[in-house]
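Listed here are the chains, written in short residue letters.
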Amino acid sequence: MTKSVKTFWKIFWGGFAFVILFLLMLNWGWIGDMPSIDDIENPSASQASQVFADDGTPMGKYYIEDRVNVLTRDISKHVVNALVATEDKRFYDHSGIDGFSLMRAFLYLGSEGGASTITMQTAKNLFTENWSTKNFILRSIQKLKEVIIAVKLERNFTKEEIITLYLNTVAFSDNVYGIRNASNTFFQKEPDRVSVEEAAVLIGMINGPGIYNPRTNPRRALERRNLVLNRLVTKGDLTSAEAEILKRKPIDLHYTKLNENNGLGPYFRMILGEEMKKWCKEHKKNNGDSYNLYRDGLKIYTTINPRMQLYAEEAVAKHINYMQKLLNNQENIKKGTVWKGYENVIEAAAKQSDRWRNLKKEGMEEDEIRKTFDQKVPMHVFAWNNTRGKDTIMTPIDSIKYHRQMLQASFMVMNPLDGQVKAWVGGIDYKTFKFDHVNINTKRQIGSTMKPLLYSLAIEEAGFTPNTTVYDQQQSFGGYGMVPATTKTCTGATMPMALALAKSRNCATAYVLKQLDNNGNEGAKRLIEFLRKCDFTSNIPAYPSIGIGAVELSLIEMMQGYSMFPGRGFNAKPMYITRIEDRNGNVLATFTPHRKEVISDVTAYSVIKMMQGVMTHGTGAGIWGYDVPGDMEIAGKTGTTNDNSDAWFMGYTPQFLAGGWVGCDDRFIRFNTESKNGEGGRAAMPIWAYFMAKAAADPNCGIDTKLTFVKPDGVNDINIDYSNGGVPVLGGEVEDMGTGASTDYGVPEKIKIEDIVPESQLEDGKPVVKPVTPATDPKTDPKEKDTKKPTDKSQTQPAAPGKKPPVLMPPKKTGTGK
């Protein structure tokens, strides 16, 4: 053997040994990452976590890659046939590596097709998703790893299982991963129900998700679909005649992609996502790692009723669209004078905008950036139309004003007996306005919706009844000043407490609080203690004005607080998750209602009867002008704060509790006080009415309009004299607008006292104080009313007030109203 031949064989065997050693080093993971046998036997790709309504309806997902797995039996044979015919026609004949394709790719340098098989692509999707590189040497190494992993996959899985793994992990157009998501997104079908031509469209995308997207490139997608159909003919899965018929059809696309901006309850899903992140952080998987909401494919089952959620969103949109037109026609809005004195708000908003930050990143000076905000540019803004947006030309500064002048709203529905949340609307349009107005961190002044809470305390602890006589007089709380701050509608008349609630009398409510008071502020402290007992967690300052609603609370807190009335004295904490499962359906956590007794059922029933009076004789009587069922029992309370900044309505039936708030995020943007449009009965209550009208008519919502509030055993009927013995009481339409300002003292010029109280009932221009004879107490036998002196504390009447104190300015201006 010549020296040259020896040298050749040394190089050959040395090279062969090097290749073998190199492959072994790759296989053992000595060069780069290589999945273990356990990883290969139990492959897992990043999966989206899914949210479901109470009936199993998909609501949305949390994901980095929008992927949801499906079983082999749930994939149409048309999809499988199209995949094999197009991507790897010898799939069932090789063991992970197709020698013919490998040779073809080597000879033609890939111009006639690649060498990857379905198994190799599956290996890449599962284990090499972060290996992308343009470096030829590194890419060659990665290709070798794919080959090694493909061989291992073939040894551990059947062909059908490999195809399922591939279809669950492959990328389609629009950042959609997996066949189930793709078929649902593009055709609104499960993958076992797609037709031959639809399967051809889906498989056609795989080779170029951006190029063959049927939504953005319909012509190319059609051509690609027809190519797939031709390959099905070549493989024998379709006849030429069938293919010709199918190729003449257009692509019948039914595109709907669930993302954070659409689908049911986007505001709810945002809050749910934050809650789930905390849960994931606190709970560990078997390997000790925390769960990942965006990768672990969790299934989150909620209490949301999809029909109620839809009706709630529709009700908010319908009414706020109408109210926005009224606000836009207000003179200070049309002329822009509403911004006078608040220019700093605009400037701060400009500096917080994406436009400002992006220009600053580009190195532009702040003065130059500010100038650009006064230049008109094309932009897309929110609008009350079907798409919730429109294209226009305006300056960025005008855009800021335009969007901040939009009325916002929140609305929530729940079962007061177990706390299950059935609908959650946090704003008018999540795509444009991300801020949620329902959750615990969003607090607004609650106005007169505080009154039922105060009155329930008075009944529970101070012996009041719905017929207890109260005095519509301004009250002094010592160093804490006068409540309310203005006397403009304090008539001095007497009335039953139920009538005071129906007409939302601030002065009479201050009197009720005063009866709980021993040392100037004891009543406020007792009220705060009661609210804490009801699980209100917000900071509540100990000022007497909280009794008429001069306090900021969240809607979700108010919902829990009000649940004790239809809940027969039991407070129910709002809950919106029933269970959490892992990707395989194993239950990880279940959630049950949390209830506790805070008042007696007699107290709850007494407040219910008073709040029904609000809806028949008071500020909520306008609800019957809508399409709510006339035979439905409804109890509720309106609320309006100083200067119409906040409008509320809290209402309930024997089955459901719903509450809503309306206002602008900037409180100086509001309906004028001369207008009644900003009152709770006009701005907020119609949302409740629109919702209930639709929900009550839909059997899927399960609302029984014939149900009545349950009267506790041993309690007599509560009869309330809403005529007040013939003495008129100021109605809700001219109630106090909060605690007011110094200019509010006295009766406004445009309201004459003789227009409110008949001249025959005036003395020196002031109303005559006429006591009201209490009607039958719930626990008092009518036959014994005149002969037996009440001894039970629930029947005891508080003493009449002394001399009316002088008007003093309070140390701190606060405000609420009806």
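Just so we're clear, the structure is a prediction, and the values are computed from it rather than from any experiment. (Residues numbered from 1 in each chain as written. Predicted model: local features only at pLDDT ≥ 70, side-chain atom pairs only at ≥ 80, totals over all residues. Heavy atoms only, no water.)

**What about the environment of His254?**
And then number 1: Tracing the sequence through the fold places His254 in the loop between α11 (240-247) and α12 (266-282).
And then number 2: By relative accessible area, His254 is classed as partly exposed at 41%.
And then number 3: The spacing of His254 and Gln188 is 66 residues in sequence and 6.1 Å in space, taken between C-alpha atoms.
And then number 4: Those residues within four positions of His254 in sequence are excluded, and the remaining contacts are Thr185, Phe186, Phe187 and Gln188.
And then number 5: Separated by 3.4 Å, the side chains of His254 and Asp252 make a polar contact. (Helix = DSSP H or I, 4+ residues; strand = E, 2+ residues; numbered from the N terminus. Buried < 20%, exposed > 50% of the residue type's maximum accessible area, 1.4 Å probe, protein only. Contact = heavy atoms within 4.5 Å. Polar contact = N/O pair within 3.5 Å; in protein donor to acceptor, adjacent residues only side chain to side chain.)

**A look at the nonpolar core**
And then number 1: Of all hydrophobic cores here, the largest spans 153 residues; its most connected members are Met276, Phe411, Phe565 and Phe691.
And then number 2: In this structure, Ile149, Ile162, Val176 and Ala182 belong to the second largest nonpolar core, which totals 42 residues. (Core = buried A, V, L, I, M, F, W, Y, C linked by side-chain atoms within 4.5 Å.)

**Remarks on empty space enclosed by the protein**
And then number 1: Scanning the model with the defined rule gives three cavities of 30 Å³ or more in all.
And then number 2: Of the volumes computed, that of the second largest cavity is approximately 60 Å³.
And then number 3: Leu407, Asn644, Ser645, Asp646, Ala647, Val662, Gly663, Cys664, Arg670, Phe671, Gly678 and Ala683 together form the lining of the second largest cavity.
And then number 4: For the lining of the second largest cavity, the residue count by class is six nonpolar, four polar and two charged. (1 Å grid on protein atoms, 1.4 Å probe; cavity = no way out; pocket = protein on both sides within 12 Å on 5 of 7 lines; lining within 4 Å. Points joined across faces, edges and corners; volume = space filled by probe spheres on them. Nonpolar A, V, L, I, M, F, W, Y, C, P; charged D, E, K, R; others polar.)

**Notes on the packing of aromatic side chains**
And then number 1: Evaluation of the coordinates by the stated rule reveals 21 aromatic pairs.
And then number 2: Ring plane angle 75 degrees and centroid distance 5.1 Å describe the contact between Phe91 and Tyr92, whose orientation is recorded as edge-to-face.
And then number 3: Owing to a relative accessible area of 0%, Phe91 belongs among the buried residues under this scheme.
And then number 4: Joined through ring pairs, the aromatic side chains of Tyr562, Phe565, Tyr652 and Phe709 make up one cluster.
And then number 5: Above the plane of the ring of Phe91 lies Lys159, whose end atom (NZ or CZ) is 4.4 Å from the centre. (Phe/Tyr/Trp six-rings, centres within 6.5 Å; stacked < 30°, edge-to-face > 60°. Lys NZ or Arg CZ within 6 Å of the ring centre and 35° of its normal.)

**Focus on helix α8 (residues 179-187)**
And then number 1: The buried fraction of α8 is high, at seven of nine residues.
And then number 2: On its buried face, α8 sits against β2 (58-62), β3 (66-67), α3 (77-87), α7 (159-169), β4 (176-177) and α9 (196-206).
And then number 3: Within two residues after α8, Gln188 carries a phi angle of roughly 55 degrees, on the positive side.

**Brief notes about the pattern of salt bridges**
And then number 1: Enumeration according to the criterion identifies 31 salt bridges in this entry.
And then number 2: The shortest N-O distance in the salt bridge between Asp174 and Arg215 comes to 2.9 Å. You can see Asp174 sitting in the loop between α7 and β4 and its partner Arg215 sitting in the loop between α9 and α10 (218-235), a full 41 residues away along the chain.
And then number 3: Asp174 sits in the partly exposed class, given a relative accessible area of 22%.
And then number 4: The partly exposed category is assigned to Arg215, whose relative accessible area is 41%.
And then number 5: One salt bridge in this structure joins Glu557 and Lys443, with 3.9 Å as the shortest N-O distance. (Salt bridge = Lys/Arg side-chain N within 4 Å of Asp/Glu carboxyl O.)

**Concerning the pairing of strand β20 (residues 635-640)**
Note on strand geometry: in a regular strand, side chains alternate between the two faces of the sheet.
And then number 1: With six of six residues buried, β20 lies mostly within the body of the structure.
And then number 2: By the alternation rule, side chains of β20 split into Ala635, Lys637 and Gly639 and Gly636, Thr638 and Thr640, which are all buried.
And then number 3: One ladder, built from six bridges, connects β20 with strand β21 (residues 647-652); its direction is antiparallel. Residue Gly639 lies in a different strand from β21, and its bridge partner there is Trp648. (Pairing = 2+ DSSP bridges.)

**Focus on the pairing of strand β9 (residues 421-425)**
And then number 1: Counting buried positions over the five residues of β9 gives five, a clear majority of the element.
And then number 2: Direction of pairing for strand β8 (residues 408-414) relative to β9: antiparallel, over a ladder of four bridges. From the neighbouring strand, Phe411 faces β9, where its bridge partner is Val425.
And then number 3: Linking two consecutive strands that pair antiparallel, namely β8 and β9, is a turn of six residues; a positive phi of about 85 degrees is found at Gly419 within it.

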